[in-house]
Structure formats: structure tokens, C-alpha cells
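What follows is the residue order along each chain.
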2 protein chains.
Amino acid sequence: MKKYVIGADIGGQSVKLGLLDTSGNIIQTDSIKTIGGMGILSDINSAVDFILKDCGIDASDVKGIGFGIPGPVIGGQNVGVCVNIPDFDNFNLTEEFSKLSPLPVIATNDANAAALGEMWVGGGVGYKNMIFVTLGTGVGAGIIIDGRLINGAHGCAGELGHIKLNPDEPEVCGCGGRGCTEQYSAANGIVRTARRIMAQSDAPSVLRINENLTPKHIFDAAKDGDGTALETVEVFADCLGRALAAGACVCDPEIIVLGGGISKSGEFMLDFVKKAYKKYAYLETCKTEFALAKLGNDAGIYGAAKLALDM
Amino acid sequence: MKKYVIGADIGGQSVKLGLLDTSGNIIQTDSIKTIGGMGILSDINSAVDFILKDCGIDASDVKGIGFGIPGPVIGGQNVGVCVNIPDFDNFNLTEEFSKLSPLPVIATNDANAAALGEMWVGGGVGYKNMIFVTLGTGVGAGIIIDGRLINGAHGCAGELGHIKLNPDEPEVCGCGGRGCTEQYSAANGIVRTARRIMAQSDAPSVLRINENLTPKHIFDAAKDGDGTALETVEVFADCLGRALAAGACVCDPEIIVLGGGISKSGEFMLDFVKKAYKKYAYLETCKTEFALAKLGNDAGIYGAAKLALDM
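The following paragraphs examine the structure supplied in this document. (Residues numbered from 1 in each chain as written. Chains lettered and ligands numbered in written order. Predicted model: local features only at pLDDT ≥ 70, side-chain atom pairs only at ≥ 80, totals over all residues. Heavy atoms only, no water.)

**Brief notes about the sheet that holds strand S13 (residues 289–292) of chain A**
Residue and element names in this part refer to chain A. Reading across the sheet, the five strands line up as S11-S10-S9-S12-S13 and stay open at both edges, with mixed pairing between neighbours. Sheet topology places strand S11 (148–149) and S13 at the edges, where each strand pairs with a single neighbour. Pairing analysis gives six bridges linking strand S9 (residues 130–135) to strand S10 (residues 139–145), with the strands arranged antiparallel. Within the sheet, the bridge partner assigned to Met130 lies in S10 and is Ile144. Contacts from helix H7 (residues 227–251) reach S9, S10, strand S12 (255–259) and S13 within the one sheet, and its direction differs from that of S9 by about 155 degrees. (Pairing = 2+ DSSP bridges. Helix = DSSP H or I, 4+ residues; strand = E, 2+ residues; numbered from the N terminus. Contact = heavy atoms within 4.5 Å. Axes fitted to C-alpha atoms, helices over the stretch in contact; angles between N-to-C directions.)

Below, the structure written as C-alpha cells:
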């Protein structure tokens, strides 16, 4: 049995690369800048060669390489529309990488990869049915059923960020829709909600003096009891809780794991989301467990590696 | 290899029973009245014995019996809260039936069973990833991923009828929530919408003279161009389309199959739902195919039998 796997988490700015053993221990990592298109694949291949040489490991002892991609991936190989890396649009990633490397290749969406990582060695250990949500510049999610990722017929499984919660929303989401979860529960949406609330009242708030508001400012102020910040967090949680309750009406997971930058607000944030979820959850699904992600920025590396391990 | 399977579709009023061959052909059916609790199981067991004798088939040639239950079923055997058959509440159906019969037993929710039946020999033939929706007194659904039913950690997978579309809804759903899909897209909800629209305007409508309105009256009137009926159908389809688009954001199926009594309005109804779905669908999921169910009231028998076949 081969002893190692490689995970590559491709982002708009950089590729995070990891060599892991089959128990989920990271042996070595690397990070390379994203320069676009084929250049990325060639750079990743060189970095993989370097890591293996550096660790004295032969490629024949590596089961394969898994990729996490910031866009939909169909059938484990075809990338769909990839907003952050336009050169990847509608392109057969596994075929192209196989021209450079003898390693077996498989790919999935980055949120899916993170979900798999969290189930393997993170916040979802011990569970086989999970919704993992990553809360950052968007609201991404990965759905795991019986221990396996659901990719979807169009690579769009787990797009809970684009459930239409409020069709009357005047602003348009990045996807072209209106009232998506992401418009209220991702970073920009949270800041927008705070600004809306401040525009509608004269209540004093520490958020008023901050021109470069971030979700962190808002969650910190909410922890300190700032009324506007608390109201903003309520909106964030209400929308996310409703989307998660809808998700549970579809796949009814054992556990919901929250990750991504916004999850750094920890138990404080989680308590708001759990309360909102219970408000909207259907019957027994109100018993679904909740946990915070544990792997931070490395979730994608772990999950991409697990994907290769399960190939 | 065993040549036969039995499917039992348990409803609040009757149990529909079928003996099928492993290719999905019905050999013989029976229907028995539901008298509640253990009585049902003993009646089913007698009816199975009778069918087998009548067909000259030995029980040793039957792979097993599958049950479709009007309530959540956990792990293929434990029934949860069963509103229509209170004696089934929180009860281990497979264990109890095994006391009466040597046949291997497995159970699932009735909408799940119908989904499996439609995939096997009905509107979803040729697909492995499907949302099946049954539109009747409720909005039930079954989710199939890679050819297998998703039951959910609490037996609640596929409860698209209880996605909360409108938390501001003044009336309460049977589940205790507000603004569930079912409140707009199931039989009572459709009639209620028509009455709301009529109460809010003086527009003439053939529906006004009908004291015992049913969805069939409303769909028939809509086909004839009645304005109130058309507006009612728009609300039905808008809500169902939005719930299905949310479902596609979770599991991204290849096809959505619509069944149940309301689906008898056929292509006319389907066109409204497809249009609403596309309005709310996320990116590539707008390409999801749609079909009408083909098995009518027998879908549950077929699906329960398929469940036993896949045991």
C-alpha cells in the first residue's frame, strides 16, 4: 500500500501544497504564487518534485494528488466557470496535469475539499454525514453523505451560499440572483448589514467611527455589547441558520461544521447560528449537532489529500 | 439468485402490497385496510402468504420485503413520529415484522420509496441523481444520490416541504413552523392561496362559485384562462420552484421528477414550475432536467420493492 498522498489547495492568490501520510499527518508543506492557467500546473508539478526529493520519497510511493479548486468541478476532473482563475474556465484539469506528472489526479471544489479535510482530521471527526460551511468572502459548503463528498450533476452541490432567502432583496448577488445567503452571511454582506442598520437609526455604535469595517470589528463589538453590532450578528445568524435548516431538510446531516475566517469568532458566533437554526429546523433536524472547524487554512490541503486517498 | 421482491406501501387508510420480479414487473398486488399498530403487520404478513401461495412462489425465492412508511424512518428500521399511524410512533418496524415473517425486512419513508420506484421503472429511469417530489396533501420528497436513497441522520432527508420560504407567514404549518413550502404548494395551501386572492379582489372567477375547491378545480380553471386561478398557480409554482432551487443548491441533481395527485395537471403545471425554478436556480443548476412521474399510486410499491432488492 502506498504511504503518501498530496493535497493542493488552489486559491486566487496562492497554491497551498502538502505532502501527507495516509493517516492524515502533514509531512511537509509549500506555498506558491498563483500566476494563472497552465503556469500554475507546471509550478505545482515542480513543487511536488521538490518536496518529494527533499523528503527522500519516491513518486511511486504516492497514491495520488488531489486538487481543491475555487470553482465547480464535474466528475472529479472538469473545472466549470472559475471566477478567480479565468484560465481554468471549462478545462479538464486532471488531463492537463497528467501531461506533466505520472501521479493519479482528482479534483473537487475548494469548499468540498475543506469539508473532507474537516471530516478526516478536523471538527467533523467521527461523523459520516456532514454539512461543512466556510464563511469568508463567500459562503461555501461541502456536503458529505456516508463518508463521501456529493459533487452534484453540475459541480454545484453544497452551494448553500446561493439559496434564495429573500427574493425581494434590492441588491444583486455576484451570481446574478437576489437574496442569496451569501448576501447576508458572507464578509461583505455582514458589513453591508451593519451599514444599513446604522443608516436607519441614530443609535450610538463603535462601528460608526470605523471606515474600514470588517466582520471581525463587528463580532468584537457585538461581544462588547454594542447594539448595532449585535443586531448585525442577529441578521447574519438568522440568514445562515435558515439556509442551514433548508440544507437539513434536503440531506439531514448528523453534524454541521462551521469554518472559514468568520468562524474565528468562535463559540460566540456559533451560539447565534445554533439558535437561529433551531428556530427554522424541521422537527428532529433541530437535534443536528454543531461544531467549529479545526484545521483553519489547512483544511483544503487535508481534504484534497483525502480525496486522492479515497480515489 | 432470488427472483422476487415484495413492496408494501403503508398509508393512513390502506396498505398497497405488490409482488414483483427483480426486473420491476408487478406479478400481483393486493390492498388491505389500515387498522392500526401491530394489526397492520399481521395483516400484511397474512396477505403476503396468500399472494405467494396464490402465485405458487416459495418464500425462499423472495429476496425480502420493503416498506414505505408515512413518517421518518431511521437506519432502515426505526420509525420516528408517524402522524397518520400513531401506533407506529418510535417503533422498530423491521424487528416487529421479523417476529411474524422469515423474510428480510427494510423500511423507508413513503416519499423516499416513491422516489426509488420512479428511478427504477418510472419518470427517472436512466438517472442516478434525482430529487423526486410528491405533491399531494403534503409536499414530500426523496433524494437519490449515485443511485441510492439518502435517509438522513434523523430520517428527515428530502423534507423539502418544510423549507422555510417565508418566515413572516401568519399561519402555522402542521410541523409548527411558518412559511413552509407545503403551506403554498400542497393541496390545502393551493386552495388557501386561491381564497386569499379572491378575498383581496373583486375580479370575477369561476372559482368563486365553488365551495369545495380542490387543486384540480384551480388547475382546470387556470388552463381555461381564469385570472385568479392563474395567479394561484403562479404562487404554487413560485414557492415550489424556489424550494427546488434550494434543493439543487444542496445536492445538485441531474433531474427533478414531480409526482403525486397535483402532478396530474401534467405539462401545464410542469411548465410553471420549470419557469419558477429557473428564476431561482444557481448558475449551472438551471440546466437540471424535469420530468413527470409515471407510476401514479404504485410508485411506493415499486420503490419499497426496489429497496428490498438493493438490501
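Read on for the rest.
**Focus: the packing of aromatic side chains**
All names here are of chain A. Counting across every chain of the model gives 10 aromatic pairs over all chains. Seen in terms of ring centroids, Phe88 and Phe91 are 5.2 Å apart; in terms of plane orientation they differ by 20 degrees. Their pairing is stacked. As far as the burial class goes, Phe88 and Phe91 line up, both buried. Between the NZ or CZ atom of Arg242 and the centre of the ring of Tyr280, over which it lies, the distance is 5.9 Å. (Phe/Tyr/Trp six-rings, centres within 6.5 Å; stacked < 30°, edge-to-face > 60°. Buried < 20%, exposed > 50% of the residue type's maximum accessible area, 1.4 Å probe, protein only. Lys NZ or Arg CZ within 6 Å of the ring centre and 35° of its normal.)

**Observations regarding the sheet that holds strand S4 (residues 62–69) of chain A**
All names here are of chain A. Ordered by their spatial adjacency, five strands build an open sheet running S3-S2-S1-S4-S8, and the pairing between neighbours is mixed. For this open sheet the edge positions go to strand S3 (26–33) and strand S8 (105–109), each flanked by a neighbour on one side alone. Taken pair by pair, the neighbouring strands of this sheet meet at an average axis angle of 20 degrees, ignoring direction. Relative to strand S2 (residues 14–21), strand S1 (residues 4–10) runs antiparallel, the two sharing seven bridges. Its bridge partner being in S2, Ile6 is matched across the sheet by Leu19. Docked against the sheet, helix H3 (residues 110–121) engages S1, S2, S4 and S8, running at close to 100 degrees with respect to S8. Across the sheet, helix H9 (residues 299–309) lies against S1, S2, S3, S4 and S8, angled at about 130 degrees from S1, the strand it touches most.

**Looking at helix H3 (residues 110–121) of chain B**
All names here are of chain B. Its 12 residues give H3 an end-to-end C-alpha distance of 17 Å, which sits within 8% of 16 Å, the value for a rise of 1.5 Å per residue. The buried fraction of H3 is high, at 10 of 12 residues. Those residues of H3 lying buried are Ala111, Asn112, Ala113, Ala114, Ala115, Leu116, Gly117, Glu118, Met119 and Trp120. One side-chain oxygen at the N-terminal end of H3 lies 2.9 Å from the backbone nitrogen of Ala111; it belongs to Asn109. (Expected span 1.5 Å × (residues − 1). Polar contact = N/O pair within 3.5 Å; in protein donor to acceptor, adjacent residues only side chain to side chain.)

**Some words on the packing of helix H6 (residues 215–223) of chain A against H7 of chain A**
Residue and element names in this part refer to chain A. It is at 8 Å that the axes of H6 and H7 come closest, and there the two elements cross at 115 degrees. The two elements H6 and H7 meet at a crossing, and its hand is left-handed. Mapping the contact onto sequence places Ile218, Phe219, Ala221 and Ala222 in H6 and Ala229, Leu230, Thr232, Val233 and Phe236 in H7. A class-by-class count of the residues in the contact of H6 with H7 yields eight nonpolar, one polar and no charged. (Left-handed = near helix turned anticlockwise from the far one by under 90°. Nonpolar A, V, L, I, M, F, W, Y, C, P; charged D, E, K, R; others polar.)

That is the geometry; function is a separate question.
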